[in-house]
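# Descriptive analysis of the structure
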Amino acid sequence: MEFAPGTLVILIGPAGSGKTTYTLRFPDTWRVSLDAYRRLATDDAADQTATPTAAQIQALLLDARLARGLTTIADSTNVHTHVRAGLLARARYYHRPVTAVLFTVPRVVCEQRNAARDRRVPVDVIRTQDAHRPTREQLRDEGFTDIRIAPRTTAPLTVAHR
Ligand code: CTP
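Here the residue numbers are simple positions, counted from 1 along each chain's written sequence. Note on the predicted model: pLDDT of at least 70 is required for a residue's local features to be given, and 80 or more for side-chain atom pairs to be given and counted; whole-chain, interface and lining totals, by contrast, use all residues. Neither water nor hydrogens contribute to the side-chain values; these are computed over all heavy atoms in the structure.

### Regarding the overall build of the protein
Applicable threshold: Every helix listed is a DSSP run of H or I at least four residues long, and every strand listed is a run of E at least two residues long, numbered separately from the N terminus. Only C-alpha atoms enter the radius of gyration; for comparison, a globular chain is expected to reach 2.2 Å times N to the power 0.38, where N is the number of residues. Relative accessibility decides the category of a residue: with a 1.4 Å probe and only protein chains considered, values under 20% of the type maximum give buried, values over 50% give exposed, and everything between is partly exposed. Contact definition: two residues touch when any of their heavy atoms are within 4.5 Å. Under the convention used here, a 1.4 Å probe and the Shrake-Rupley method define accessible areas, while residue burial counts only the protein chains that appear. In this charge count, Lys and Arg are treated as positive and Asp and Glu as negative; neither His nor the chain ends contribute. The atom standing in for a charge is NZ when the residue is Lys, CZ when it is Arg, CG when it is Asp and CD when it is Glu.
When helices and strands are counted, the protein shows seven helices and five strands. Listed by position from the N terminus, the elements making up the protein come as β-α-β-α-α-β-α-β-α-α-α-β. Its C-alpha radius of gyration of 15 Å places the protein within 12% of the 15 Å reference for a compact globule of 162 residues. If one aligns the C-alpha atoms of the protein with their principal axes, the spans along those axes are about 40 × 35 × 35 Å. In the protein, which comprises 162 residues, the proportion classed as buried is 38%. For the protein, long-range pairs separated by at least 24 residues make up 79% of all intrachain contacts whose partners lie at least 6 apart in sequence. Carbon and sulfur atoms make up 54% of the accessible area of the protein, which amounts to about 8,800 Å² in all. Averaging the positions of the 23 positive and the 16 negative side-chain charges in the protein gives two centres separated by 4 Å.

This is the structure we're talking about:
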């Protein structure tokens, strides 16, 4: 999957749907992640008390990167409309293209992957995120024009950039 330079790529999918794994094929500097900044703030990526701090860090980095026309990937669940609206508004402010990448893996697969990893998200959280997963039509109504479906590969990744 290729993106025009300067694109804000918005990943959308529940925990365990493979978003972070997908980002590994791109330069690591492209990625902004609320989980990563919550972890830096608290040692715990799941500590929701650090979400406001993480959101501020993410906003600073988005402004810095989008102003420079650098491709940036928002690696968070982004399943809620208001969160996507904030990201969309930021990209528009800098006149940058936006691509939505929808992760369509079934909830049971997300739950299985989640259960098999170290950092486990509660199952009811995944269910709620899955229930909020938007459709293509919904994304179009929100103003997204470039909407893609993430590759559902299970093959080992070729990590080109790290
Ligand atoms: N995984 C996998 N096969 C894939 C993609 C992911 O087995 N094609 C595994 C990963 O190795 C990881 C787990 O599934 O152990 C969750 O993948 P991750 O990329 O972390 O999912 P995210 O959607 O980023 O989850 P979160 O929102 O919780 O960060």
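### A look at the site of the ligand
The test is simple: Throughout, near means a residue has at least one heavy atom within 4 Å of the molecule or strand. Pairs of N or O atoms within 3.5 Å make up the polar contacts considered here, provided that, within protein, one atom can donate a hydrogen while the other can accept it, and that residues adjacent in sequence are counted only when both atoms are side-chain atoms. Gly falls in the polar group here, along with every residue not listed as nonpolar (Ala, Val, Leu, Ile, Met, Phe, Trp, Tyr, Cys, Pro) or charged (Asp, Glu, Lys, Arg).
Among the 13 residues in the neighbourhood of the ligand, the closest are listed as K19, T20, T21, R117 and T153. At 2.5 Å, a side-chain N or O of T21 approaches an oxygen atom of the ligand. Within the complex, 74% of the 610 Å² of free accessible area of the ligand lies under protein. Ranked by residue count, the leading element in the shell around the ligand is helix α1 (residues 19–23), at three residues. Tallied by class, residues from the shell around the ligand come to two nonpolar, six polar and five charged.

### Focus: the packing of helix α2 (residues 34–42) against helix α3 (residues 51–68)
Using the following cut-off: Helix axes are fitted only over the stretch in contact, all axes being lines through C-alpha atoms; the angle between N-to-C directions runs from 0 to 180 degrees. The cut-offs work like this: below 35 degrees is roughly parallel, past 145 is roughly antiparallel, 65 to 115 is roughly perpendicular, and the gaps in between are oblique. Crossing handedness follows the turn of the near helix against the far one: under a right angle anticlockwise gives a left-handed crossing, and clockwise gives a right-handed one.
Contact geometry for α2 and α3: axes closest at 8 Å, N-to-C directions at 120°. In terms of orientation, α2 and α3 fall into the oblique class. Viewed along their axes, α2 and α3 form a crossing whose handedness is right-handed. Only T51, T53, A54, A55, I57, Q58 and L61 of α3 make contact with α2, whose side of the interface consists of L34, Y37, R38 and A41. Tallied by class, residues from the contact of α2 with α3 come to seven nonpolar, three polar and one charged.

### Concerning the pattern of salt bridges
Note the following rule: Salt bridge, as used here, is a side-chain nitrogen of Lys or Arg placed within 4 Å of a carboxyl oxygen of Asp or Glu.
According to the stated counting rule, one finds 10 salt bridges in the structure shown. Note that D75 and R31 form a salt bridge whose closest N and O atoms lie 2.7 Å from each other. Residue D75 is located in the loop between β3 (72–74) and α4 (81–93), and its partner R31 is located in strand β2 (residues 31–32); the two are separated by 44 residues in the primary sequence. Using a relative accessible area of 4% as the deciding quantity, one classes D75 as buried. As a salt-bridge pair, R133 and D130 come within 2.5 Å of each other at their nearest N and O atoms. Classification of D130 by relative accessible area gives partly exposed; the value is 22%. Bridged by salt links that share partners, the residues R107, E111, R127, D130 and R133 form one connected network.

### What to know about the side chain of T7
Within the element layout of this structure, T7 appears in the segment before β1 (8–12). In this view, T7 contacts L70, T71, T72, P97, V98 and T99; residues no more than four positions away in its chain are not counted.

### Description of the packing of α3 against α4
Remark: α3 packs on α4, axes separated minimally by 10 Å, with the N-to-C direction vectors making an angle of 30°. Considering their axes alone, α3 and α4 lie roughly parallel with respect to each other. For the pair α3 and α4, the crossing hand works out as right-handed. Residues Q58, A59, L62, D63 and L66 of α3 lie in contact with α4, whose contacting residues are L87, R90 and A91.

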